[in-house]
Amino acid sequence: MTGQVNLAYDYPLLGAFWTVLWICLWGIWIFLLLRVFIDLFRDDSLNGWAKAGWCIFVIALPFLGVFVYLVARGRGMGQRELNQARAQQKAFDSYVRETAGTARLSATEELARLSEIKARGDLTDAEFRRAKEKILR
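The text that follows walks through the structure, step by step, so that each part is easy to find. (Residues numbered from 1 in each chain as written. Predicted model: local features only at pLDDT ≥ 70, side-chain atom pairs only at ≥ 80, totals over all residues. Heavy atoms only, no water.)

### Concerning the overall build of the protein
- In terms of regular secondary structure, the protein is built from five helices and zero strands.
- Moving toward the C terminus, one meets the helices and strands of the protein in the order α-α-α-α-α.
- Every one of the 137 residues in the protein was classed for burial, and the buried ones make up 15%.
- The contacts in the protein between residues at least 6 apart in sequence include a share of 41% that link residues at least 24 apart.
- Split by element, the accessible area of the protein, about 11100 Å² in all, is 65% carbon and sulfur. (Helix = DSSP H or I, 4+ residues; strand = E, 2+ residues; numbered from the N terminus. Buried < 20%, exposed > 50% of the residue type's maximum accessible area, 1.4 Å probe, protein only. Contact = heavy atoms within 4.5 Å. Areas by Shrake-Rupley, 256 points an atom, 1.4 Å probe, with all protein chains shown as cover.)

Dropping the structure here:
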């Protein structure tokens, strides 16, 4: 056998360190690129042409495009993220309230609804009294 076999211990420790470092940097770069695109399409203040221009810039010159985007619009990225998180939390809280049934009407509102139903003639006096007693308990 004339060829030399490269074993794991033939790969220097510093070489392994640099390989891991480059893999991590590429992972961070891909994450940053995705965040820029997510922020770009989340922003309602930009029209379609501005979004298309930024996309072309970021795709054509990826490193420069992302860095220019971060400098030009980076401050608003956090605010847009926060606004979306608040909107999602508000929607979730509303859904939980509806589902759990905790959004009950107050006794005053229920009595007002009950009197409207009685005024329309849908309830008799006896039914109205029973329902009113039930609410006031």
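### What to know about helix H1 (residues 13–42)
- End to end, H1 covers 43 Å across 30 residues, agreeing with the expected 44 Å (1.5 Å per residue, within 8%).
- Gly-15, Trp-29, Val-36, Asp-39 and Leu-40 are the residues of H1 that are buried.
- Of the surrounding elements, those touching the buried residues of H1 are helix H2 (48–60) and helix H3 (62–100). (Expected span 1.5 Å × (residues − 1).)

### Thoughts on the side chain of Arg-73
- With respect to the secondary-structure elements, Arg-73 resides in helix H3.
- With residues near it in sequence (within four places) discarded, Arg-73 still touches Asp-43, Leu-46, Trp-54 and Arg-80.

So yeah, pure geometry; function would need other evidence.
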